[in-house]
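# Geometric and topological summary
One-letter residues, chain by chain:
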Amino acid sequence: MRGGEIAALIAAGAFLMLVLVLAVPILRLRHTVDATTRMITELNDRTAPLLGDVNTTVKNVNTALEQAQTTLDGVNLQLAKVDTMTSHAQNVTANVANLAAVVSAAAANPLVKVAAFGYGVRKAAAARRHAEDERDARDIIKQRRRAEKRANR
């Protein structure tokens, strides 16, 4: 055997030792990769139903939001109708107030005249009664004076 062959044999032996030394971590690394692969597979198996449930929940939420939007649209429509009715009621109220002012103005003048006439009639009747009472009192006084004069004569 020559020197080159011996060197090749030593290199082959060293390479074999290197392969044996690296085989243990590589085998352990294979077990780690297998465990990681199993864990990822289990995670995928568990995640798929969860994602399905999340998709169902999102669909339900979207349906509820659409229903809420429909309800809000209906409420807004009703509010618009209420606004219209309120403006109409406001117009009616203003018209009634104007009519009341016109009726009040039209009825107030004759009522004042009737009240003044009634007051005048009461005053005149009271003055007439008072004048009659005074005249009766004067007549009584005159009759007493005449009676006194006749008695003194």
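Rules of the game
- Residues numbered from 1 in each chain as written.
- Predicted model: local features only at pLDDT ≥ 70, side-chain atom pairs only at ≥ 80, totals over all residues.
- Heavy atoms only, no water.
- Helix = DSSP H or I, 4+ residues; strand = E, 2+ residues; numbered from the N terminus.
- Rg over C-alpha atoms; globule rule 2.2 N^0.38 Å.
- Buried < 20%, exposed > 50% of the residue type's maximum accessible area, 1.4 Å probe, protein only.
- Patch = residues over 30% accessible without salt bridge, like charges linked within 9 Å, V, L, I, M, F, W, Y side chains within 5 Å.
- Areas by Shrake-Rupley, 256 points an atom, 1.4 Å probe, with all protein chains shown as cover.
- Salt bridge = Lys/Arg side-chain N within 4 Å of Asp/Glu carboxyl O.
- Lys, Arg positive; Asp, Glu negative; His and termini not counted.
- Charge placed at Lys NZ, Arg CZ, Asp CG, Glu CD.

## Observations concerning the overall build of the protein
What the protein contains, in helices and strands, is one helix and zero strands. Since a compact globule built from 153 residues should have a radius of gyration of about 15 Å, the 62 Å found for the protein marks it as more spread out than a globular shape. Along the longest, intermediate and shortest principal axes, the C-alpha atoms of the protein span 205 × 40 × 30 Å. Taken across its 153 residues, the protein has 0% of its residues classed as buried.

## Examining a positive patch on the surface
A surface patch of positive charge is lined by K142, R145, R146, K149 and R150. Looking at the element boundaries, R145 is found in helix α1 (residues 3-152). Judged by its relative accessible area of 56%, R145 falls in the exposed class.

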